[in-house]
Amino acid sequence: MSTRLNLILCTGIQGLNIGSWFPVGRHRGSGPLHWGCDHDHIGSEENRCVRRRTRLRAPVFRKEESEENSGAGAWSPSRSTYLFVWEGKTTSSICWEGSLVNCVEDADRCGPAADTLVCYQKGISSIAEFSDMQRGEAGRPATSTQGKKTEQQNAKLMYPGAQVDFQTRKWWISFRAKRFSAETLSVNETDCILDLETDCSFSTNSRVVMAEHGSSLLASLEERESPSVWFLATLLVSFVTVISCGWVWSSTKGKERYSGLPPGDLGLPFFGDTIQYVNAYYNMSVKNYVGKKIARYGSPIFKAKLMGHMTVFMDAPEGSKLMFNRRNDEKLIQGYWPESTLKLVGSNVLSSQNGAAYRCHKRHMMSHFLGQNVVPRYLVRIEERSVEYIQRYWLDGTIDGSVLETQNQLMIHTFGLIADLCLTLTDTNEAEKLRPTFEVWEKGLMALPINLPGTDYYRSLKARAEILNYFDTYVQRRKQELKDGTASPTQDYLSVMLTNPDDSGHFYTDEEIKTNILHLIHGGANTVSSTLTMAVCKIAEHTEVYDQLVAEHTAIMERKGDAQPLTIEDVRSMKYSWMVLQETLRVYPSLPGIFREATTTFEYNGYTIPKGWKLLCTAAQSFQNPELVEDPERFDPSRFERGNFSPHVFFPFGGGVRLCPGYELAKITMLVFLHHFLKNLHWTLTDPDEKVVYHFSPGTLKGIPIRITRVKAF
Ligand code: HEM
């Protein structure tokens with residue numbers, strides 16, 4: 001048993017990401033292990049690239065004895081600390097970081113002459129497994145698997161003097177509990193500290209001191225840090241106890257106070273069914289999730305817990321009948337958004353409001369911006385933008401056979417268009433500059449509401465402030481232009497909001513206007529672009545649909561002549577095209593569920609719905625329910641010709657009081673786009689089996705790439 005332990009303590013090195021597993025160092029002879037990092041390039045772009053490769057192809061780095069023994073290159077995005085230990089000529093090591101659990105030395109080769117050290121991430125459960133992986137990826141075995149020993153045996157072999165309890169991960173926990181620094185450790189002069197917090201250039205500026213007798217340091221680490229293991233354990237036990245008590249309390253509370261609640265179990269404390277539902281939502285299998293529950297409880301109305309809230313799932317038509325009945329609004333139910341989402345969206349946007357304020361706002365929006373009589377005003381603008389967009393993004397610089405990604409491309413169009421209608425933001429390049437910030441904001445809507453630096457939610461709040469700031473320049477400028485008479489009071493949403501008071505004579509504040517613009521762009525751009533994207537996909541899959549569409553649009557062209565702009569009558573005559581878009585929405589609804597909150601305790605279909613409980617009507621289930629929709633698996637636009645669906649069965653734009661105000665705008669935008677797209681292009685899918693998932697709306701990870709061929713206008 002050697003007592004010669006050498007230690008290097010590295011405190012957080014910024015900007016370096018381990019994410020996966022640590023690279024494998026390989027060392028011959030004495031001295032420390034070199035952690036696959038070129039010291040001269042820590043933090044550099046070059047090194048980042050190398051590191052990415054390292055994850056895949058270990059061991060990439062190898063330092064020979066002759067090279068400078070400058071210690072370990074460790075890295076951490078979160079400025080964590082790593083401790084590397086080696087013993088005499090035997091290189092061994094421990095590292096800690098997040099999910100990285102430990103390092104294991106291949107027992108067979110542990111010896112003075114040559115050591116191989118491997119580190120692996122939690123999840124790889126054995127050395128053999130790791131070796132297999134390594135062999136597969138590096139193309140040759142990096143560790144011998146002969147005479148495999150257990151982790152514990154290896155640990156003992158590796159750290160006999162240090163008494164590292166490898167299996168219990170004592171050190172790992174200690175390490176995470178308290179960040180070590182030179183001060184907290186009160187290390188000896190001879191101990192080795194690499195402080196790369198401020199200086200990433202390891203070889204030139206860092207202090208590197210070799211420890212000759214590091215075992216005392218190791219012992220002192222154990223002594224100092226053990227209590228925090230207990231502290232953490234106590235904390236964990238207390239947390240579990242509190243949660244369990246809360247769970248028991250909340251699950252018995254409902255039973256005590258209400259009888260006749262819908263069937264259903266509450267699942268995990270707080271989370272309940274959140275994970276299953278979010279998973280089903282993302283994978284577009286809400287109908288399976290709901291279907292299974294319905295089968296289990298024998299009722300289309302059942303309860304579950306989502307993010308700590310008691311939620312009553314109501315399959316359509318039961319749910320839609322309750323939610324879309326105008327008489328129920330406010331009396332029984334109201335719109336609902338979680339508090340954390342309200343912070344991101346704004347409490348004064350239309351869909352966050354309830355009661356008189358909501359009705360007044362919606363009337364204003366419909367009569368001045370989105371109503372059936374107003375939207376045709378934008379037709380010329382919508383058509384001009386579509387033509388310009390197709391020319392610039394699909395025709396210029398492309399040749400027959402070019403492959404373009406539909407999803408993102410179409411988002412450019414719809415985002416630009418709605419931003420234009422809201423603010424007269426005519427410059428597509430400027431709109432494109434705004435979009436990344438928008439995406440950061442949108443990400444927060446799906447994130448856990450943890451407002452701490454580094455979280456999506458935190459970033460989203462910051463992005464929101466940035467966007468509103470940007471809108472503010474438009475608001476202030478427009479006020480002046482309206483005064484000067486250089487802007488029209490009807491040119492866009494901004495103008496109509498500034499010039500038209502609501503029913504009670506109240507003019508909207510700048511804050512109200514800005515947040516509603518944010519909301520409209522979000523609500524409009526995603527839904528329209530995803531519907532068009534999925535339509536492009538479906539049309540490519542069904543040549544008979546494509547042929548019928550071409551026939552419809554050829555007839556329009558022949559009737560009016562190619563060069564003439566579309567009239568609203570032309571658009572209204574695109575009946576088959578509208579059926580195609582509706583069928584697309586049936587298969588891929590933009591919003592797979594509609595949320596409400598019970599404003600009072602009431603009885604519905606024999607069940608008690610307590611006040612404050614949330615209600616969720618799942619669209620996807622009814623749109624594709626074989627009992628309600630004939631042959632639901634088939635993409636068949638003509639089903640809309642054969643019979644009208646009940647608005648309680650098919651409601652892609654919602655219904656009742658909260659029917660989507662953007663319905664008319666969405667319809668015209670999509671039809672005009674389809675007309676010009678069909679006029680210029682034929683397309684095929686390059687990846688027909690791409691899996692469709694929901695992010696905010698349906699899409700695929702590759703974004704539905706299509707191979708285009710130009711066509712002569714019909
Ligand atoms: C294919 C396109 C679209 C689809 C499928 C769609 C779908 C929906 C649905 C289902 C709702 C109801 C949500 C609920 O009841 O809680 C809704 C509401 C809403 N939509 Fe759309 N939408 C589309 C386009 C648009 C556009 C273009 C705009 C505006 C530019 C827009 C703005 C809104 C707003 C402001 C609400 C909230 C209405 C309220 O709370 O009264 N939507 N949309």
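Residues numbered from 1 in each chain as written. Predicted model: local features only at pLDDT ≥ 70, side-chain atom pairs only at ≥ 80, totals over all residues. Heavy atoms only, no water.

*Asks:* Hey, could you go over the pattern of salt bridges for me, with residue numbers and the actual values?
*Replies:* All told, the structure shown has 26 salt bridges when counted by the stated rule. Linking Arg478 and Asp492 is a salt bridge whose minimum nitrogen-to-oxygen distance equals 2.7 Å. Of this pair, Arg478 sits in helix H16 (residues 456-484) while Asp492 sits in the loop between H16 and helix H17 (493-499), placing them 14 residues apart in sequence. The exposure class assigned to Arg478 is buried, which follows from its relative accessible area of 4%. By relative accessible area, Asp492 is classed as buried at 1%. A salt bridge links Arg642 to Asp636; the shortest N-O distance between them is 2.9 Å. Put simply, Arg477, Arg478, Glu481 and Asp492 are held in one network by salt bridges that share partners. (Salt bridge = Lys/Arg side-chain N within 4 Å of Asp/Glu carboxyl O. Helix = DSSP H or I, 4+ residues; strand = E, 2+ residues; numbered from the N terminus. Buried < 20%, exposed > 50% of the residue type's maximum accessible area, 1.4 Å probe, protein only.)

*Asks:* With reference to specific residues and values, describe the site of the ligand.
*Replies:* Contacts to the ligand come from 25 residues, most closely from Tyr358, Lys362, Arg596, Arg658 and Cys660. Tyr358 places a side-chain nitrogen or oxygen 2.3 Å from an oxygen atom of the ligand. At a separation of 2.9 Å, an oxygen atom of the ligand approaches a polar side-chain atom of Arg596. Among the secondary structure elements, those contributing two or more residues to the shell around the ligand are helix H12 (355-370), helix H18 (510-541), strand E11 (593-598) and helix H24 (663-680). At 6 residues, H18 tops the list of elements feeding residues into the shell around the ligand. Each residue belonging to the shell around the ligand can be placed in one class, and the counts come to 14 nonpolar, 8 polar and 3 charged. (Near = heavy atom within 4 Å. Polar contact = N/O pair within 3.5 Å; in protein donor to acceptor, adjacent residues only side chain to side chain. Nonpolar A, V, L, I, M, F, W, Y, C, P; charged D, E, K, R; others polar.)

*Asks:* Summarise the environment of Tyr281; cite the residues concerned and give the values.
*Replies:* Within the secondary structure, Tyr281 sits in helix H8 (residues 274-282). We classify Tyr281 as buried; its relative accessible area is 18%. Taking C-alpha positions, Tyr281 is 10.0 Å from Phe696, a pair spaced 415 residues apart along the chain. The residues contacting Tyr281, other than those within four sequence positions of it, are Val286, Pro592, Tyr694, His695 and Phe696. (Contact = heavy atoms within 4.5 Å.)

*Asks:* I'd like a description of the nonpolar core, backed by residues and values.
*Replies:* Residues Trp394, Phe471 and Trp683 are the most contacted members of the largest nonpolar core, which totals 124 residues. At 13 residues, H18 tops the list of elements feeding residues into this core. Discounting residues that sit within four places of it in the chain, Phe471 has contacts with Leu423, Leu434, Phe438, Lys514, Ile517, Leu518 and Ile521. Counting 14 residues, the second-largest nonpolar core is a separate cluster that includes Tyr277, Tyr289, Phe302 and Phe313. (Core = buried A, V, L, I, M, F, W, Y, C linked by side-chain atoms within 4.5 Å.)

*Asks:* Give me the sheet that holds strand E18 (residues 705-710): which residues, what numbers.
*Replies:* Strand order across the open sheet formed by 3 strands is E10-E18-E15, with antiparallel pairing between neighbours. The two strands at the open ends of the sheet, each matched to only one other strand, are strand E10 (403-405) and strand E15 (681-685). The average angle at which neighbouring strand axes cross in this sheet is 40°, direction not considered. Across 3 bridges, the pairing between E10 and E18 is antiparallel. Residue pairing in the sheet places Val403 in a bridge with Arg707 of E18. Against the sheet, helix H14 (residues 406-423) makes contact with E10 and E18, and its axis sits at roughly 60° relative to E10, the strand it touches most. H18 contacts E15 and E18 of the sheet and is inclined by roughly 85° relative to E15. (Pairing = 2+ DSSP bridges. Axes fitted to C-alpha atoms, helices over the stretch in contact; angles between N-to-C directions.)

*Asks:* Could you give an account of H16, with specific residues and numbers?
*Replies:* Under the 1.5 Å per step criterion, the end-to-end length of H16 is 42 Å for 29 residues, consistent within 8% with the ideal 42 Å. Buried within H16 are the following residues: Tyr457, Ser460, Ala463, Arg464, Ile467, Leu468, Phe471, Tyr474, Val475 and Arg478. Tucked inside the fold, the buried residues of H16 contact helix H11 (339-345), H14, helix H15 (428-445), H17 and H18. Downstream of H16 by a residue or two, Gly485 has a phi angle that is positive, lying close to 80°. (Expected span 1.5 Å × (residues − 1).)

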